[in-house]
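# Working through the structure, step by step
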Amino acid sequence: MDTTRAPLPPFSLSSAMEKVRLAEDGWNSRSPEKVALAYTPDSEWRNRSEFVNGREAIIDFLSRKWRRELEYRLIKELWAFADNRIAVRFAYEWHDDSENWFRSYGNENWEFEANGLMRKRFASINDVPIQEQDRRFHWPQGRRPDEHPGLSDFGF
């Protein structure tokens, strides 16, 4: 049986911001199994041009992603919310196995069940090559420290 994943819809400004930070923390864990638990068993995703359905497919997708996107660090920021929906913008930095660095920018639209699990995630993402010295996300792997600047602080 699926658990309840607070905060629950309908979202307030405070609860939407908390939901976004919890999602960021989960993705920065780089644990596909942990991340997948935030989604309904039949969750529907569109990530770039790939369509992903269900938790097992999410785990497979994220496992592939994080084998390719090394030293991944992500910042998400609330863009808008209403009822059981949240829109975020995000940026993440990573490098490939040849030490080529990228900053990926995007937007996500999320829809939640009453129990707080995400049932739909639609992501549009663009990758920009950067030089290593142009990186902005320097915290140790894992959760972004509370005092670390966010997207708006960087002007992203």
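Keep in mind it's a predicted model, so treat the numbers as computed, not measured.

Scoring rules and cut-offs
- Residues numbered from 1 in each chain as written.
- Predicted model: local features only at pLDDT ≥ 70, side-chain atom pairs only at ≥ 80, totals over all residues.
- Heavy atoms only, no water.
- Pairing = 2+ DSSP bridges.
- Helix = DSSP H or I, 4+ residues; strand = E, 2+ residues; numbered from the N terminus.
- Salt bridge = Lys/Arg side-chain N within 4 Å of Asp/Glu carboxyl O.
- Buried < 20%, exposed > 50% of the residue type's maximum accessible area, 1.4 Å probe, protein only.
- Axes fitted to C-alpha atoms, helices over the stretch in contact; angles between N-to-C directions.
- Contact = heavy atoms within 4.5 Å.
- Expected span 1.5 Å × (residues − 1).
- Arc of directions from axis to C-beta.
- 1 Å grid on protein atoms, 1.4 Å probe; cavity = no way out; pocket = protein on both sides within 12 Å on 5 of 7 lines; lining within 4 Å.
- Points joined across faces, edges and corners; volume = space filled by probe spheres on them.
- Nonpolar A, V, L, I, M, F, W, Y, C, P; charged D, E, K, R; others polar.

### Considerations on the pairing of strand S2 (residues 50-53)
As paired strands, strand S1 (residues 39-47) and S2 are joined by 4 bridges and run antiparallel to one another. By the bridge assignment for S2, Asn47 is matched with Glu50. Between S1 and S2, which pair antiparallel in sequence order, lie 2 residues; one of them, Arg48, sits at a positive phi of approximately 60 degrees.

### What to know about unusual backbone geometry
Following Ala6, the chain continues to Pro7 via a peptide bond in cis, the omega torsion being -5 degrees. Note that Pro7 resides in the segment before helix H1 (13-29). Of note, Arg30 is a non-glycine position whose phi angle comes to about 55 degrees, a positive value.

### Remarks on the pattern of salt bridges
Tallied over the full model, the rule gives 19 salt bridges. With a closest N to O distance of 2.9 Å, Asp25 and Arg21 form a salt bridge. Here Asp25 pairs with Arg21, and both are found in helix H1, just 4 residues apart, close to one helical turn. Note on accessibility: Asp25 and Arg21 belong to one class, buried. Note that Lys65 and Glu69 form a salt bridge whose closest N and O atoms lie 2.7 Å from each other. Judged by relative accessible area, which is 8%, Lys65 ranks as buried.

### Here we look at the sheet that holds S2
The 6 strands are arranged S2-S1-S6-S5-S4-S3 in an open sheet whose pairing can be described as mixed. The open sheet terminates on both sides in strands that have one partner only, identified here as S2 and strand S3 (70-82). For this sheet, the mean inter-axis angle between neighbouring strands, taken without regard to orientation, is 20 degrees. This element, H1, spans S1, S3, strand S4 (85-95), strand S5 (101-112) and strand S6 (118-130) of the sheet and lies at about 165 degrees to S3. Sheet strands touched by helix H3 (residues 55-68): S1, S2, S3 and S4. Its angle to S1, the strand with the most contacts, is close to 45 degrees.

### Concerning H3
Under the 1.5 Å per step criterion, the end-to-end length of H3 is 20 Å for 14 residues, consistent within 8% with the ideal 20 Å. Taken as a whole, H3 has its buried residues at Arg55, Ile58, Ile59, Phe61, Leu62, Lys65 and Trp66. Looking down the long axis of H3, one finds its buried residues gathered within 165 degrees of arc, a one-sided arrangement. Exposed residues lying more than 90 degrees from the buried face of H3 are Glu56 and Arg67. Of the surrounding elements, those touching the buried residues of H3 are H1, helix H2 (32-36), S1, S2, S3 and S4.

### Side note on the layout of surface pockets
A volume near 270 Å³ is recorded for the largest pocket. Arg5, Leu22, Ala23, Gly26 and Ala38 are the residues nearest the centre of the largest pocket, which is lined by 15 residues in total. For the lining of the largest pocket, the elements supplying multiple residues, two or more each, are H1 and H2. Tallying contributions element by element places H1 first for the lining of the largest pocket, with 6 residues. Along the lines of polarity and charge, the residues of the lining of the largest pocket split into 9 nonpolar, 2 polar and 4 charged. Counted as a void, the second largest pocket has a volume near 150 Å³. Lining the second largest pocket, in full, are Asn47, Arg48, Ser49, Glu50, Phe61, Arg64, Lys65, Arg68 and Glu69. Of the residues forming the lining of the second largest pocket, the biggest block, 4 residues, is contributed by H3. Taken together, the residues that form the lining of the second largest pocket break down as 1 nonpolar, 2 polar and 6 charged.

Read these as spatial facts, not as claims about activity.
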